[in-house]
Amino acid sequence: MYSARDQVENAEWLDEIEAIAERLDLDPAVRSRASDLFLSNVPDTDRSKRAVMATSLYVAGLVEGHRRSQSVIADAADVSRLTIQQRWKDILEGEGLDAPGW
C-alpha cells in the first residue's frame, strides 16, 4: 500500500501516467489501476521510475481488459519493449494475480 505522501512525491509521474493513458485512449479504470500499481511499486531511484510507470500501464490494461501491446506502451512511455517484458509478470503477481497463459 502507499501513502498520501507517496502521491505527492510522485505527482509528476502520476501526471505522466495520465497523459500517456489519454494519448492511448485508455479507460479511466485503467488509468486509476496504473496509478495504484505505480505507487505500490515505486522504486527508490528516479532512474527506474519510468520503467515501473510503463509497466504499470501495461499491467493495468491487462487487468482491466483494455489491453495495449508492450510495444505501444513502450513507445508512448519512451522505454524499450524489453523493459516492460522483463517486469510485467512481477508486478502482476505482486498484486496477487496470475499471468495469462498465452
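Predicted model only: the values in this text are computed from it and were never measured.

Peer 1: Just give me the short version of the confidence of the model for the protein, but keep the residues and values in it.
Peer 2: Looking at the protein as a whole, the pLDDT averages 93, with 96% of positions reaching at least 70. Per-element mean pLDDT across the protein ranges from 91 in helix H1 (residues 4-9) up to 98 in helix H5 (residues 70-77).

Peer 1: Mind laying out the environment of Arg68, listing which residues take part and the relevant values?
Peer 2: One can find Arg68 in the loop between helix H4 (46-64) and H5. With 42 residues separating them in the primary sequence, Arg68 and Leu26 have C-alpha atoms 8.8 Å apart. Not counting residues up to four positions away in its chain, the partners in contact with Arg68 are Leu24, Asp25, Leu26, Tyr58 and Ile73. Polar side-chain contacts of Arg68 include one of 2.8 Å to the backbone oxygen of Leu24. From its side chain, Arg68 meets the backbone oxygen of Asp25 in a polar contact 3.4 Å long.

Peer 1: How would you summarise the pattern of salt bridges if you had to cite specific residues and measurements?
Peer 2: Opposite charge on two side chains permits them to pair, given that their charged atoms come into close proximity. Tallied over the entire structure, the rule returns six salt bridges. In this structure, Arg31 engages Glu18 in a salt bridge whose closest nitrogen and oxygen atoms are separated by 2.7 Å. Linking Arg31 in helix H3 (residues 28-41) with Glu18 in helix H2 (residues 11-23), this pair joins segments that are 13 residues apart in sequence. Here Arg33 ties to Glu64 by a salt bridge, and the two come within 3.0 Å at their closest N and O atoms. Of the two residues, Arg33 sits in helix H3 while Glu64 sits in helix H4, which places them 31 residues apart along the sequence. Among the residues examined, Arg33 registers a relative accessible area of 29% and is labelled partly exposed. When its relative accessible area of 29% is taken as the criterion, Glu64 is described as partly exposed. Within this structure, Glu18, Glu22 and Arg31 form a network of salt bridges that share partners.

About the cut-offs
- Residues numbered from 1 in each chain as written.
- Predicted model: local features only at pLDDT ≥ 70, side-chain atom pairs only at ≥ 80, totals over all residues.
- Heavy atoms only, no water.
- pLDDT = per-residue confidence, 0-100.
- Helix = DSSP H or I, 4+ residues; strand = E, 2+ residues; numbered from the N terminus.
- Contact = heavy atoms within 4.5 Å.
- Polar contact = N/O pair within 3.5 Å; in protein donor to acceptor, adjacent residues only side chain to side chain.
- Salt bridge = Lys/Arg side-chain N within 4 Å of Asp/Glu carboxyl O.
- Buried < 20%, exposed > 50% of the residue type's maximum accessible area, 1.4 Å probe, protein only.

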